[in-house]
Amino acid sequence: MSGVDVNLVLRSTRVVTPEGTRPAAVAVAGGTIDAVLPYDADVPAGARLEDFGDDVLLPGLVDTHVHVNDPGRTQWEGFWTATRAAAAGGITTLLDMPLNSLPPTTTVDHLRTKQQVAAPKAHVDTGFWGGAIPSNVKDLRPLYEAGVFGFKCFLSPSGVEEFPELDQEQLARSMAEIAGFGGLLIVHAEDPHHLADAPQRPGPAYADFLASRPRDAENTAIEGLIAHAKRLNARVHVLHLSSSDALPLIAAAKREGVRVTVESCPHFLTLTAEEVPDGATEFKCCPPIREAANQDILWAGLADGTIDCIVSDHSPCTTDLKTPDFASAWGGISSLQLGLPAIWTEARRRGHSLDDVARWMSAAPAELAGLSKKGAIEAGRDADFAVLAPEATFTVDPAELFHRNQVTAYAGKTLHGVVRSSWLRGVRISFDGVLAEPTGRLLERDR
């Protein structure tokens, strides 16, 4: 050990480290992991021991795609409820999207407003993405210098008028500006022309909604994004990939050295179009949940590294906005508290390990955002942990979720993996569904 006063030791027969899962004791000093020791190492005098037995000690999850909607649409979610749900689900760090709050995070003043609202409510560490819209190229560098982790844009309508999409010329202009100071552009990649040409049939039929958001819309947008990134030597990230057709294009770009990364989401990896009942708009999101065969290929893309990470895209709304008409209902899946068990349930069925899950849901998102103190159980990182009983099961009851609105596509599903507790910098912030007072910090990008 380093000689710093160790005040806490967490022990388990299954500790997920970058080198693999093994019995270990994790020594914590001052909120930081001091050392990962053999399981039977002596506990330093004065240190508290927490022994989790066979429950798994994971690095706290990092969710870089959360719509908190606060301030302005706080009836949809809010920092208090979102961060409580995150903590209960094993997430210890989240990054807030620049919409659907009012104001959106498109200027430094708007960022400061959001930080002021979040500070007293955050149960987990919380950072912020900036937004790239047609009118704010001049604001991008100041936002970056103020600590945002990068910039989100849409290539098709976002669904809210205060956050308009970029056309191809505006995309190139914003990307060039962001590349000029070494920033990251994260992109909702659906081509508006393909969407406009797709059949639009309002009503409760999920098949009609799926036809209105074709794979070609994603594929074409991603192809154009890669071309811009290659030309400008820009760093770009594809948000919420649902079309498996785009994977060969992305893999080829990575081989060529294009700086592109990709995420997918629990709903694309665990839910299928075939199981969505007509009128069940709690399953509506954009891009949409696609067929089981498509899902199989997404999992292959995770396995071979084409898809880098899994994040929630938690995008909640009030119950009344989930009308039975797929065309008019708000699009977004609420899953912040359920992402870890949902993914673990499917991952274990497909032969993946918790080492894989920790890489996809903690290490890779932390690396994407440049969160060098997060994402792994190793010396020098923040002492952020999730304690999981991986063999235990539970059935999702929306009334037991901490989300402000208990609307979820996972209602009634039986999932493997019960989150027993979450720890933030060596302090237990949730325990069997009971939350501590908020101790989350507001994060800024590592300089």
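Please refer to the structure placed before this passage.
Residues numbered from 1 in each chain as written. Predicted model: local features only at pLDDT ≥ 70, side-chain atom pairs only at ≥ 80, totals over all residues. Heavy atoms only, no water.

## Notes on the pairing of strand 13 (residues 260–264)
Remark: a regular strand shows side chains that alternate across the two faces of the sheet.
At step 1: In terms of residue burial, strand 13 counts as a mostly covered element, since four of its five residues are buried.
At step 2: Note that the unit made of strand 12 (residues 235–238), helix 8 (residues 247–255) and strand 13 has a crossover that is right-handed.
At step 3: Two elements, strand 13 and strand 14 (residues 309–310), share two bridges in a ladder whose sense is parallel. Bridged to E263 within strand 14 is C309. (Buried < 20%, exposed > 50% of the residue type's maximum accessible area, 1.4 Å probe, protein only. Helix = DSSP H or I, 4+ residues; strand = E, 2+ residues; numbered from the N terminus. Right-handed = clockwise from strand over helix to strand, strands pointing away. Pairing = 2+ DSSP bridges.)

## Let's talk about the environment of D296
At step 1: Checked against the element boundaries, D296 lands in helix 10 (residues 292–303).
At step 2: Judged by relative accessible area, which is 41%, D296 ranks as partly exposed.
At step 3: The spatial distance from the C-alpha of D296 to the C-alpha of R350 is 9.6 Å, given a sequence separation of 54 residues.
At step 4: Among the polar contacts made by the side chain of D296, one reaches the side chain of R350 at a distance of 2.8 Å. (Polar contact = N/O pair within 3.5 Å; in protein donor to acceptor, adjacent residues only side chain to side chain.)

## Quick notes on the sheet that holds strand 12
At step 1: Pairing within the open sheet is parallel, and its six strands lie in the order 9-10-11-12-13-14. Bordering the open sheet on either side are strand 9 (130–131) and strand 14, each of which pairs with just one other strand.
At step 2: With four bridges joining them, strand 10 (residues 151–154) and strand 11 (residues 184–188) adopt parallel strand pairing. Its bridge partner being in strand 11, C153 is matched across the sheet by V187.

## Here's the deal with the packing of aromatic side chains
Geometry of an aromatic ring pair is reported as the spacing of the ring centres plus the angle between the planes.
At step 1: Under the defined criterion, the tally for this structure stands at eleven aromatic pairs.
At step 2: With a centroid separation of 4.7 Å and an interplanar angle of 35 degrees, the aromatic rings of Y144 and F181 are classed as tilted. Of this pair, Y144 sits in helix 3 (residues 137–145) while F181 sits in the loop between helix 4 (168–180) and strand 11; the two residues are 37 residues apart in sequence, bridging distant segments of the chain.
At step 3: Overall, the relative accessible area of 13% leaves F181 in the buried class.
At step 4: Geometrically, the ring pair formed by Y206 and F209 is tilted, given 5.9 Å between the ring centres and 55 degrees between the ring planes. (Phe/Tyr/Trp six-rings, centres within 6.5 Å; stacked < 30°, edge-to-face > 60°.)

## Here we look at the environment of V427
At step 1: Here V427 lies in strand 17 (residues 427–431).
At step 2: Using a relative accessible area of 42% as the deciding quantity, one classes V427 as partly exposed.
At step 3: Taking C-alpha positions, V427 is 8.4 Å from D384, a pair spaced 43 residues apart along the chain.

## A look at helix 1 (residues 79–88)
At step 1: Among the ten residues in helix 1, nine count as buried, and that is most of the element.
At step 2: Residues of helix 1 that are buried include every one of F79, T81, A82, T83, R84, A85, A86, A87 and A88, and no others.
At step 3: In this fold, the buried residues of helix 1 make contact with strand 7 (91–96), helix 2 (108–118), strand 8 (125–128), strand 16 (414–424), strand 17 and strand 18 (434–435).
At step 4: Just downstream of helix 1 lies G90, where phi reads positive at about 85 degrees. (Contact = heavy atoms within 4.5 Å.)

## Considering the nonpolar core
At step 1: By size, the foremost hydrophobic cluster in this structure holds 94 residues, and its most contacted members are L58, F151, L185 and L241.
At step 2: With residues up to four places along the chain from it excluded, the contact list for L185 reads A132, F151, C153, L171, M175, I178, R235, V236 and H237. (Core = buried A, V, L, I, M, F, W, Y, C linked by side-chain atoms within 4.5 Å.)

## Considerations on the environment of P277
At step 1: Relative to the helices and strands, P277 is located in the loop between helix 9 (266–270) and helix 10.
At step 2: Spatially, the C-alpha atoms of P277 and A207 are 9.8 Å apart, while their sequence positions differ by 70 residues.
At step 3: Ignoring anything within four residues of it in the chain, the contact list for P277 reads F283 and F326.

## Description of the packing of helix 7 (residues 215–232) against helix 8
At step 1: Where helix 7 contacts helix 8, the axes come no closer than 10 Å and their chain directions differ by 10 degrees. The angle between helix 7 and helix 8 places the two elements in the roughly parallel class. Facing N219, I222, E223 and I226 of helix 7, the residues of helix 8 in contact are L249, I250 and A253.
At step 2: Its residues placed into classes, the contact of helix 7 with helix 8 shows five nonpolar, one polar and one charged. (Axes fitted to C-alpha atoms, helices over the stretch in contact; angles between N-to-C directions. Parallel < 35°, antiparallel > 145°, perpendicular 65-115°, else oblique. Nonpolar A, V, L, I, M, F, W, Y, C, P; charged D, E, K, R; others polar.)

## Considering the pairing of strand 15 (residues 385–395)
At step 1: Bridge analysis of strand 5 (residues 56–59) against strand 15 gives four bridges, and the strand direction is antiparallel. Counterpart to L58 in the pairing with strand 15 is A386.
At step 2: Of the strand pairs in this sheet, strand 15 and strand 16 are connected by eight bridges, and their pairing is antiparallel. Across the sheet, the residue bridging to V387 is S421, located in strand 16.

## Points about helix 8
At step 1: Among the residues of helix 8, those classed as buried are L247, I250, A251 and A253. In an axial view of helix 8, the angular spread of the buried residues amounts to 160 degrees, which keeps them on one side of the axis. Looking at helix 8, the residues exposed on the side facing more than 90 degrees away from the buried face are P248 and R255.
At step 2: Looking at the packing, one finds that the buried side of helix 8 touches helix 7, strand 13 and helix 10.
At step 3: Immediately downstream of helix 8, the backbone of G257 shows phi near 90 degrees, a positive value. (Arc of directions from axis to C-beta.)

## Considerations on the side chain of R290
At step 1: Take R290: it is sitting in the loop between helix 9 and helix 10.
At step 2: For R290, a relative accessible area of 5% puts it in the buried group.
At step 3: A polar contact of 3.0 Å, which involves the side chain of R290, links it to the backbone oxygen of R213.
At step 4: Reaching out from R290, the side chain makes a polar contact with the side chain of E218 at a distance of 3.0 Å.
At step 5: Apart from residues lying up to four places away in sequence, R290 is in contact with L210, R213, P214, R215, E218, S242, S243, L271, T272, A273 and E274.

## Let's talk about the pattern of salt bridges
At step 1: All chains considered together, the criterion is met by 29 salt bridges.
At step 2: With a shortest N-O distance of 3.1 Å, D245 and R215 are connected by a salt bridge. With D245 in the loop between strand 12 and helix 8 and R215 in helix 7, the pair connects residues that are 30 residues apart, well separated along the chain.
At step 3: A salt bridge links E378 to R381; its shortest N-O distance comes to 2.8 Å.
At step 4: One continuous salt-bridge network, built from bridges that share partners, spans D125, K374, D382, D384 and R425. (Salt bridge = Lys/Arg side-chain N within 4 Å of Asp/Glu carboxyl O.)

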